[in-house]
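If you want the building blocks of each chain, they are given just below.
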Amino acid sequence: MELDWKLILTHMLGFVITVVILAKFAWRPILGILDERREKIKSEFDQIESGKSEIEETKAGYDAKLKDIDNLARQKLTEAVNDGQKVAAEIKEQGRDEAKEIIFKAKAETDREVEKARAALKEDMVKMTIAAAEKIISKKLDEQENRRLIKDFIDSVEKA
Amino acid sequence: MIQYKFLNNIIIATQEVAGHAEKAAEHGGDHGEDGLSMHIPSALTFFDKWFGTAYAHHFAVTFFALLIAVIMMICALVVYRKRQMIPGPFQNVVEMIFEGLYNLVYSMLGKDTDRYIPFLGTLFLYIWFMNLSGLVPFFHAPTSALNMTLALSISVFFYVQYISLTRLGPKKYLLHLCGDPSSGVTWALVIINFPLHFVGEFIKPFSLAMRLFGNIFGEDTLIAVMISLGVVFMSIFWHDAYVGVPFQLPFYFLSLLLGTIQALVFTMLSTSYIMMALPHGEH
């Protein structure tokens, strides 16, 4: 095959003209579409990113709130327990006081009863002594009889 | 006097046209099957001229096909290596082409697209680049040779047969060749159906090859002829001009269009052959 420069140069000239025409009328719109596509993809990614960070923020907010609620619940629980303990202590204290009072009252009652009994006994003793004296006086007294009488009297007292 | 000079130029130009035709006939002899072809010298012709070899330009088809394959591989590697979520201009172009191709094939193959898109996509891009390379100076469109297009279509033929055999299984494959007989009548028609389908399978790749070859060869020859005509036309007015009138300019745009369409047709027909070979394929 022989080289024919005229053919090759004509070929090249035509090619260059074609490229220029295409660059002017075809590549510009195509590049426009490409840019548009790139922008679209970019904006979509940006949207996704911003959406992600938004979700992250919301989640953090919810987490914090949840923690707060947890703390509050714990605090309330502690308070309730403390209250309960206080009430229990109060009830205990009150019970102890009441018991003391009851015991005190019972003791006083007992003391009074004893006192009463003692008084009654004394009265009885006086009566009996008088009765015995009457008996001694009314009867003829000898030493032996006297002793027996007194012994009887003491026994009766002991019995009483 | 002026008139006489003009007439003289015409006579010289006519002689040159005859010379070009003669040259073309000589070149054609080198190319074997395309006896009447007319080619603009490619880079390999320069190689022959400068290194004193005589055979480099015989390998134009192979050489440029390989060169285009290598360029495609480099492009793919560059895009793969530098891939980003937000594409740059180059990645953008490649992605757009791939997306368009994928959607086109998807409309025919549906869920099988992922399996066959590597072959079909490469086929399209390869043929497309080979078609368009005929427009670039110092290049030569490999698809303007029947050898190249036949090689491509035979690849498609074997691929389709392989898909058919593996997806349908040997038994169904044979039944498919017989026209899927179901009743007595259709079984009787197998005698007619089988040769028809059998020959059809071989005609498919042949028609693919002939169509592509005819179109691209025609375009190339047209452009070559127009360039020669431009040179001759210029020499009528200015005999020592270094460059002709670019008469081929409108045909560049035609070739851009037809080269794309032919690549698309080749790919789409291959896709439809694959679709027919698939189990759910309907004729």
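Here the structure is a predicted model, which is why all the values come from computation and not from measurement. (Residues numbered from 1 in each chain as written. Chains lettered and ligands numbered in written order. Predicted model: local features only at pLDDT ≥ 70, side-chain atom pairs only at ≥ 80, totals over all residues.)

Participant: So what exactly am I meant to see when it comes to the overall build of chain B here?
Facilitator: What chain B contains, in helices and strands, is ten helices and zero strands. The order of α-helices and β-strands along chain B, N terminus first, is α-α-α-α-α-α-α-α-α-α. In chain B, buried positions account for 30% of the 283 residues. (Helix = DSSP H or I, 4+ residues; strand = E, 2+ residues; numbered from the N terminus. Buried ≥ 20, exposed ≤ 12 C-beta atoms within 10 Å, placed from the backbone.)

Participant: Explain helix H2 (residues 143-159) of chain A here, please?
Facilitator: Working note: α-helix, 3.6 residues per turn, so residues spaced by three or four point in the same direction. Here H2(A) spans 24 Å end to end across 17 residues, near enough to the 24 Å set by a 1.5 Å rise per residue. In terms of burial, H2(A) is largely open, as just zero of its 17 residues are buried. (Expected span 1.5 Å × (residues − 1).)

Participant: Would you explain the interface of chain A and chain B in this entry?
Facilitator: Quite often, the size of an interface is put as the accessible area lost when its parts meet. With 23 residues of chain A at the interface, the matching set in chain B holds 29 residues. Per-class residue counts for the side of chain A that touches chain B are 13 nonpolar, four polar and six charged. (Contact = placed C-beta atoms within 7 Å. Nonpolar A, V, L, I, M, F, W, Y, C, P; charged D, E, K, R; others polar.)

Participant: Mind showing me how you'd approach the packing of helix H6 (residues 146-168) of chain B against helix H7 (residues 170-177) of chain B here?
Facilitator: The relative placement of two packed helices is expressed as an angle between their axes plus a distance between the axes. All names here are of chain B. Running from N to C, H6 and H7 point in directions that differ by 120°, and their axes come no closer than 6 Å. What the angle tells us is that H6 and H7 run oblique. Taken as a pair, H6 and H7 cross one another with a handedness that is right-handed. Residues Ser164, Leu165 and Leu168 of H6 lie in contact with H7, whose contacting residues are Pro170, Lys172, Tyr173 and His176. Classifying every residue of the contact of H6 with H7 by side-chain character gives four nonpolar, two polar and one charged. (Axes fitted to C-alpha atoms, helices over the stretch in contact; angles between N-to-C directions. Parallel < 35°, antiparallel > 145°, perpendicular 65-115°, else oblique. Left-handed = near helix turned anticlockwise from the far one by under 90°.)

Participant: How should the packing of helix H1 (residues 5-138) of chain A against helix H4 (residues 89-109) of chain B be read in this particular structure?
Facilitator: Running from amino to carboxyl end, H1(A) crosses H4(B) at an angle of 95°, the nearest separation of the two axes being 10 Å. With respect to H4(B), the axis of H1(A) lies roughly perpendicular. Touching A:Leu34, A:Arg37 and A:Arg38 of H1(A) are B:Pro89, B:Asn92 and B:Val93, all from H4(B). Of the residues assigned to the contact of H1(A) with H4(B), the class counts are three nonpolar, one polar and two charged.

Participant: Quick question: what am I supposed to make of the confidence of the model for chain B here?
Facilitator: Predicted coordinates in areas of low pLDDT are best not read in detail. All names here are of chain B. Taken over all residues, the pLDDT of chain B has a mean of 84, while the share at 70 or more is 86%. Contacts for the low-pLDDT stretch residues 27-36, under 50 throughout, to residues beyond four places or in other chains number twelve contacts. Both confidence scores are given for the complex: pTM 0.68, ipTM 0.73. (pLDDT = per-residue confidence, 0-100.)

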